[in-house]
Amino acid sequence: MESQNERNREIAKCPSGIGGLDEMTCGGLPRGRSTLVCGSAGSGKTLLAMEFIVRGARDFNEPGVFMAFEETEDDLTKNFSSLGFDLPDLVRRDKMVLDYVYIERSEIEEAGDYDLEGLFIRLGSAIDTIGAKRVAIDSLEAIFASLPNEAILRAELRRLFRWLKEKGVTAVITGEQGEKTLSRHGLEEYVSDCVIFLDHRLINQMATRRLRIVKYRGSSHRTNEYPTLIDEGGLSVLPISSLGLDYGVSKERISTGINQLDAMFGGLGYYRGSSVLVSGTAGTGKSSIAAAFSDAACRRGERCLYLAFEESPGQIIRNMASIGFDLDPWVSNKLLFFHAARPTVFGLEQHLVMIHNLTDKIRPAVVVMDPVTNLTSIGDTAEITSMLTRVIDYLKMQGITALFTSLTPGGSPTDEQTDVAISSLMDTWLLLRNAESCGSRKRLLQILKSRGMAHSSQVCEFELGDRGISLITAKNTGKRNFL
Amino acid sequence: MTTPTEENPETERWELRLYVAGQTVNSVKALDNLKKLCEKHMAGQYHIEVIDLILNPKLARGDQIIAVPTLVRKLPVPVRKIIGDLSNTERVLVGLDLRPRR
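Residues numbered from 1 in each chain as written. Chains lettered and ligands numbered in written order. Predicted model: local features only at pLDDT ≥ 70, side-chain atom pairs only at ≥ 80, totals over all residues.

### A short note on the overall build of chain B
For clarity, the cut-off: Secondary structure is summarised from DSSP: a helix means a run of H or I of at least four residues, a strand means a run of E of at least two, and numbering begins at the N terminus for each. Field definition: a residue is buried when 20 or more other C-beta atoms are found within 10 Å of its C-beta, exposed when 12 or fewer are, and partly exposed for counts in between, with C-beta atoms placed from the backbone. Note on contacts: residues are paired as contacts if their backbone-placed C-beta atoms lie within 7 Å.
Helix and strand counts for chain B come out as 3 helices and 4 strands. Each helix and strand of chain B, placed in order from N terminus to C terminus, yields the pattern β-α-β-α-β-β-α. Across the 102 residues of chain B, 33% fall into the buried class. Counted over contacts in chain B with a minimum sequence separation of 6, partners at least 24 positions apart contribute 62%.

### Considerations on the interface of chain A and chain B
Buried accessible area, meaning the area lost when the parts come together, often serves as the stated size of an interface. Where we set the bar: For this classification, the nonpolar set comprises Ala, Val, Leu, Ile, Met, Phe, Trp, Tyr, Cys and Pro, the charged set comprises Asp, Glu, Lys and Arg, and every other residue, Gly included, is treated as polar. Two strands make a pair as long as DSSP finds a minimum of two bridges between them.
Chain A puts 22 residues into the contact, and the matching count from chain B is 28 residues. Mapped by element, the contributors of at least two residues to the side of chain A that touches chain B are strand 6 (108-110) and helix 6 (117-130) of chain A. Residue contributions to the side of chain A that touches chain B peak at 7 residues, all from helix 6 of chain A. Here the residues of the side of chain A that touches chain B sort into 10 nonpolar, 4 polar and 8 charged. When strand 6 of chain A meets strand 4 (residues 80-83) of chain B, the two strands line up parallel, connected through 3 bridges. From the neighbouring strand, Ile108(A) faces strand 4 of chain B, where its bridge partner is Lys81(B).

### A few points about unusual backbone geometry
Look at the link from Val68(B) to Pro69(B): it is a cis peptide, with omega at -5 degrees. Locating Pro69(B) in the fold gives a position in the loop between helix 2 (59-62) and strand 3 (70-75). Cis geometry is found at the peptide bond from Val77(B) to Pro78(B), where omega equals -5 degrees. The residue Pro78(B) is located in the loop between strand 3 and strand 4 in this model. At Cys26(A), a position not held by glycine, the phi torsion is positive, near 55 degrees. Mapped onto the elements of the fold, Cys26(A) is located in the loop between helix 2 (21-24) and strand 2 (29-30). Cys26(A) sits in the partly exposed class, given 13 other C-beta atoms within 10 Å.

### Regarding the pairing of strand 23 (residues 468-472) of chain A
All names here are of chain A. Summarising the sheet, strand 22 (residues 459-465) and strand 23 pair through 5 bridges and their orientation is antiparallel. Opposite Phe 462, over in strand 23, you have Leu 471 as the bridge partner. What sits between the antiparallel neighbours strand 22 and strand 23 is a turn of 2 residues.

### Comments concerning the sheet that holds strand 22 of chain A
Strand pairing in a sheet takes place through backbone hydrogen bonds and is either antiparallel or parallel in direction. Residue and element names in this part refer to chain A. Selection rule: The convention used is that axes are lines fitted to C-alpha atoms, helices contributing only their stretch in contact, and that angles between N-to-C directions extend from 0 to 180 degrees.
Here 9 strands make up an open sheet; going across it, the order is 17-16-18-19-15-20-21-22-23 and the pairing mixed. The open sheet has two edge strands, strand 17 (336-340) and strand 23, and neither has a second partner. Going from strand to strand, the sheet's axes swing by 25 degrees on average, the running direction of each strand aside. Both strand 16 (residues 304-308) and strand 18 (residues 366-370) contribute to a ladder of 5 bridges, which runs parallel. Across the sheet, Leu 307 pairs through a bridge with Met 369, a residue of strand 18. Relative to strand 18, helix 10 (residues 286-299) is tilted by about 160 degrees, and along the sheet it contacts strand 15 (275-280), strand 16, strand 17, strand 18, strand 19 (401-407), strand 20 (428-437), strand 22 and strand 23.

In structure tokens, the structure reads:
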């Protein structure tokens, strides 16, 4: 009973179904109230409003009315079919009403006093027809461009918000971002319960999306700006601060995919759920170590997510086949999932949301990011470190083992800034380098650190042959000292 | 409510539709103003249909009505819309193309 009272103190919530948003708002939008969503053109307002209606109808059995002022029913249907939203089907099943309101200023003459009762009746009739619990109006501000008398409009908008509340529907109203105000016509003045701001700006020529809850009366909520991603699954927000250092740790060990390397880790390999950094200059075999690790995971029947930031999946598969790793069958067996993306397709935080979403979808046991240093093209060391911290924390919470490759520029291999900055986040650090001796180039590998386990301190040579990777340790080279 | 008269070949038939929401001050005024205006400018050539959205809420969608009262000129084409209680006769005449637009 006490917990009931506890709950009553916070206002009732209406889950939006949008990934991350409900976490940010501690449960959803204020039920039975109106939420204003504002942002610039292209910031995702319509998407948020539509997802609220469609997910409500589909996942929460709450029918909804979508009143559009800017796009026709046909346009909306087409645009949202790419997200897998079948609007006509929802309309047919009385789960949704899609109403396009067309008002053209040049076709309307004003001659005396009027009110917007027509709009109320129209919306009310739509709500009553399907017993709607949710309403979205996108964008209400279009009305200011269409009807001349601002005094009447303001009085009527005030009445509209009161009326929506009386109707008991949960509403999302969108508004264009103003120059000094949140919305161009100051709608925030009428909507007092919840205001969400969507930001869409360029940082280092990179389109970056963020979402912020400006206010939420009567409820606790996250106040920071959170990275937001729009992809084929719709809108998702990533409230990262739920992550921390309180994940469980595993004593289980998993193979590196290379017998001799396992041997260097006491014969057992990496800890499950740990993070591994493989750094080295160009051509030292970082991707091969990553491929061996992915291959071993698939052999165990575990799923592997391979995030390729430099090469296409086809190229990786071909190259790895040349050193004896046949990755193709793992891809067909749905054990190995490649996701190739140029770092520059979007900002760091969007990458973070993408990794988050992919991990949620695929549920891999191991994740490979190859190479993380390519991200330097879109962020500085501090930003990358902060992003990787979030990735690592997230993966560790899920008990996922992660392997990151890092390209060090030529010269001294160990004092590259990015390496040093991210290495502190890593449990295990393998360093690869090239050495010239006796007129040929040799690949060398050493374990710089490996937290919580005995490991070899040897520098050993490794070879890439058509039957995989083999290590030559000082022990098995016998008397020959190869350095 | 009458057929076009034969002595004037230029006559047009006016199909007017007035959307209202119940018997409000604005809707009563609008119908009053409209009748007067029609009698003066298109006597014998017009037909007024009054639609009360409270009784027929679904009809609001067809003619894209959000403001009431709204007068819709269905004929002659093109369709014209005039919103308000029609107290500003000048604007109504402009809206109906009976006065040139400025």
